[in-house]
Amino acid sequence: MKKTVLLLVFSTFLISCEEEGILTPDIVQIVPIPVNTTPVNEGLFMPTSGINVTGGAKIYQENGQYKVVLENFSISGGPDLKVYLSKTNTPNEFVNLGNLTAATIYAIPQNVVLSDYKYVLIHCQQYNHLFAVAQLK
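Since the model is a prediction, treat every value here as computed from it, not as a measurement. (Residues numbered from 1 in each chain as written. Predicted model: local features only at pLDDT ≥ 70, side-chain atom pairs only at ≥ 80, totals over all residues. Heavy atoms only, no water.)

Asker: Any chance you could explain the nonpolar core here in plain terms?
Answerer: The nonpolar side chains of a soluble globular protein tend to be buried with one another. Residues Phe45, Val68, Leu85, Leu97, Ile108 and Val120 are the most contacted members of the largest nonpolar core, which totals 24 residues. Put simply, the parts of the chain that give this core at least two residues each are β2 (53-62), β3 (65-75), β4 (81-86), β5 (94-99), β7 (119-124) and β8 (129-135). With five residues, the next largest nonpolar core counts Tyr84, Tyr119, Leu121 and Val133 among its residues. (Core = buried A, V, L, I, M, F, W, Y, C linked by side-chain atoms within 4.5 Å. Buried < 20%, exposed > 50% of the residue type's maximum accessible area, 1.4 Å probe, protein only. Helix = DSSP H or I, 4+ residues; strand = E, 2+ residues; numbered from the N terminus.)

Asker: How should I be thinking about the sheet that holds β7 in this particular structure?
Answerer: Across a sheet, paired strands are connected by hydrogen bonds in the backbone, their directions being either parallel or antiparallel. The sheet built from eight strands is open, its strands ordered β5-β4-β7-β8-β1-β2-β3-β6 with antiparallel pairing. Of all the strands in the sheet, the pair left with one neighbour each is β5 and β6 (105-107). In this sheet, neighbouring strand axes are inclined to one another by 25 degrees on average, regardless of whether the strands run parallel or antiparallel. With three bridges joining them, β3 and β6 adopt antiparallel strand pairing. (Pairing = 2+ DSSP bridges. Axes fitted to C-alpha atoms, helices over the stretch in contact; angles between N-to-C directions.)

Asker: What is the right way to look at the pattern of salt bridges in this model?
Answerer: Two side chains bearing opposite charge may form a pair once their charged atoms approach each other closely. The full count for this structure, using the stated rule, is five salt bridges. A salt bridge links Glu71 to Lys58, with the nearest nitrogen and oxygen atoms 3.0 Å apart. Of this pair, Glu71 sits in strand β3 while Lys58 sits in strand β2, and the two are 13 residues apart along the sequence. Of the charged contacts in the structure, one is a salt bridge between Lys82 and Asp80, with a shortest N-O distance of 2.7 Å. Accessibility expressed as a relative area gives 1% for Lys82, which makes it buried. Linked through salt bridges whose partners overlap, the residues forming this network are Glu42, Lys58 and Glu71. (Salt bridge = Lys/Arg side-chain N within 4 Å of Asp/Glu carboxyl O.)

None of the figures reported here should be taken as evidence of function without further support.
Structure follows, in structure tokens:
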């Protein structure tokens, strides 16, 4: 009887934790940037406390569309990581470009005034924790 109750409680726990909800939908696969394209802006990622990060972010323009490209990028694992284009080095005024995935190219929406945004952030939305900052120059 005790095993049955434990099994029922455990099963309920697993089923209820199956999906947390969609905070940001996955990005759509974007075609790679041509090899000889020059970046408009670029910056290297700096980690926050306790995080390991390497690589940088570059912004390219192709056919009137701006894109953020993460190059030679790796970061400590974390839940619900997002790529933000931000006006400051903290996630106060930003555009959410999507979930951090194996894809390394993120489209910037057409209505964004690129000159207003000087940072690319890697941020855990679920726990509101900043993982890394790249200042664009």
